[in-house]
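Okay, here's what each chain looks like letter by letter:
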Amino acid sequence: MERWVLNLEIVTSRFPCHSLNYDLGDERINMIKEEYKYSELTSKIIGCAMKVHSALGNGFQEVIYQRALEIEMQYEGLHFSREFEMHIYYRDKQIGTRRVDFLAEGKFPLR
């Protein structure tokens, strides 16, 4: 049996959350961890990514997965911005910017 692993990184240093490697061959993984403040929300975001990957599989350009994830997050009622430019700070001074694919719920940059 072929197994696919989905990697989704929720990039943040300000909010406790988690990054997850989810083995799509194992349906019993519980993604909600009560010790994380935003676990329910991050689990919903990761669930959207898993649905997209499960439906599309491998082999498409990144933009195809981004468009599908946009549709799935809208379907799930998540609020997000696309191609969001974030400011990078060091010692309270802005030193640059970084563009992320999505900013979900105003808190979670996704790439």
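Predicted, not measured: the structure shown is a model, and the values here were computed from it.

Some points on helix α1 (residues 39-56)
Between its terminal C-alpha atoms α1 stretches 26 Å, which fits the 26 Å expected from 18 residues at 1.5 Å a residue. The set of residues buried in α1 consists of S39, T42, S43, I45, I46, G47, C48, A49, M50, V52 and H53. In the stretch just after α1, G57 is the one whose phi turns positive, near 70°.

Digging into the packing of α1 against helix α2 (residues 62-75)
Following both chains from N to C, one finds α1 and α2 inclined at 125°, their axes separated by 9 Å at the closest point. Classified by the angle their axes make, α1 and α2 are oblique. Relative to α2, α1 is oriented so that their crossing is right-handed. Between α1 and α2, the contacting residues are C48, A49, K51, V52 and L56 on the first element and I64, Y65, A68, L69, E72 and M73 on the second.

As for the nonpolar core
Counting 13 residues, the largest nonpolar core has I45, L69, M73 and L110 as the members making the most contacts within it. Elements with a minimum of two residues in this core: α1, α2, β4 (93-104) and β5 (108-110). Among the elements that take part in this core, α1 stands out by supplying four residues, more than any other.

Some thoughts on the side chain of D101
Along the chain, the position of D101 falls in strand β4. Salt bridges are absent for the buried D101, whose nearest opposite-charge side chain, R82, sits at 5.7 Å. Separated by 3.1 Å, the side chains of D101 and Q66 make a polar contact. In this structure, D101 is in contact with E62, Q66, S81, R82, E83, L110 and R111, ignoring residues within four places of it in sequence.

What about the pairing of β4?
As defined by bridge partners, strand β3 (residues 80-90) adjoins β4 across ten bridges and the pair is classed as antiparallel. What sits directly across from R82, in β4, is F102. Between β3 and β4, which pair antiparallel and follow one another directly, the connecting turn spans two residues, one of which, R91, has a positive phi of 50°. Where β4 lies against β5, three bridges are found, and the strand directions are antiparallel. Bridge pairing in β5 places A104 opposite F108. In sequence, β4 turns back onto β5 through a hairpin of three residues, with E105 there showing a positive phi of about 55°.

What counts and what doesn't
Here the residue index of a chain counts from 1 through its sequence in written order. Per-residue local features are limited, in this predicted model, to residues with pLDDT of at least 70; the limit for side-chain atom pairs, both in listing and counting, is 80 or more; totals at the level of whole chains, interfaces and linings are taken over all residues. Note that water and hydrogens are dropped before the side-chain values are worked out from all heavy atoms of the structure. Secondary structure elements follow DSSP: runs of H or I no shorter than four residues count as helices, runs of E no shorter than two count as strands, and numbering proceeds from the N terminus. How far a helix is expected to stretch is found by multiplying one less than its residue total by 1.5 Å. Buried residues are those whose accessible area, probed at 1.4 Å on protein chains only, stays under 20% of the maximum for their type, while exposed residues exceed 50% and partly exposed ones sit between those limits. Axes here refer to lines fitted to C-alpha atoms; in helices the fit is confined to the stretch in contact. Angles between the N-to-C directions go from 0 to 180 degrees. Roughly parallel means an angle under 35 degrees; roughly antiparallel means over 145; roughly perpendicular covers 65 to 115; every other angle is labelled oblique. By convention the crossing between two helices is left-handed if the near helix lies anticlockwise of the far one by an angle smaller than a right angle, and right-handed if it lies clockwise. Note on definitions: a residue-residue contact is assigned when non-hydrogen atoms from the two residues lie within 4.5 Å. Here, the term nonpolar core denotes a set of buried Ala, Val, Leu, Ile, Met, Phe, Trp, Tyr and Cys residues that are joined through side-chain atoms within 4.5 Å. His is not counted here, nor are the chain ends, while Lys and Arg score as positive and Asp and Glu score as negative. Within this document, salt bridges are pairs made up of a side-chain nitrogen of Lys or Arg and a carboxyl oxygen of Asp or Glu, the two lying within 4 Å of each other. Polar contact criterion, stated in full: a pair of N or O atoms within 3.5 Å, where within protein one must be able to donate a hydrogen and the other to accept it, and residues adjacent in sequence count only if both atoms are side-chain atoms. In short, DSSP must find at least two bridges between two strands for them to pair.

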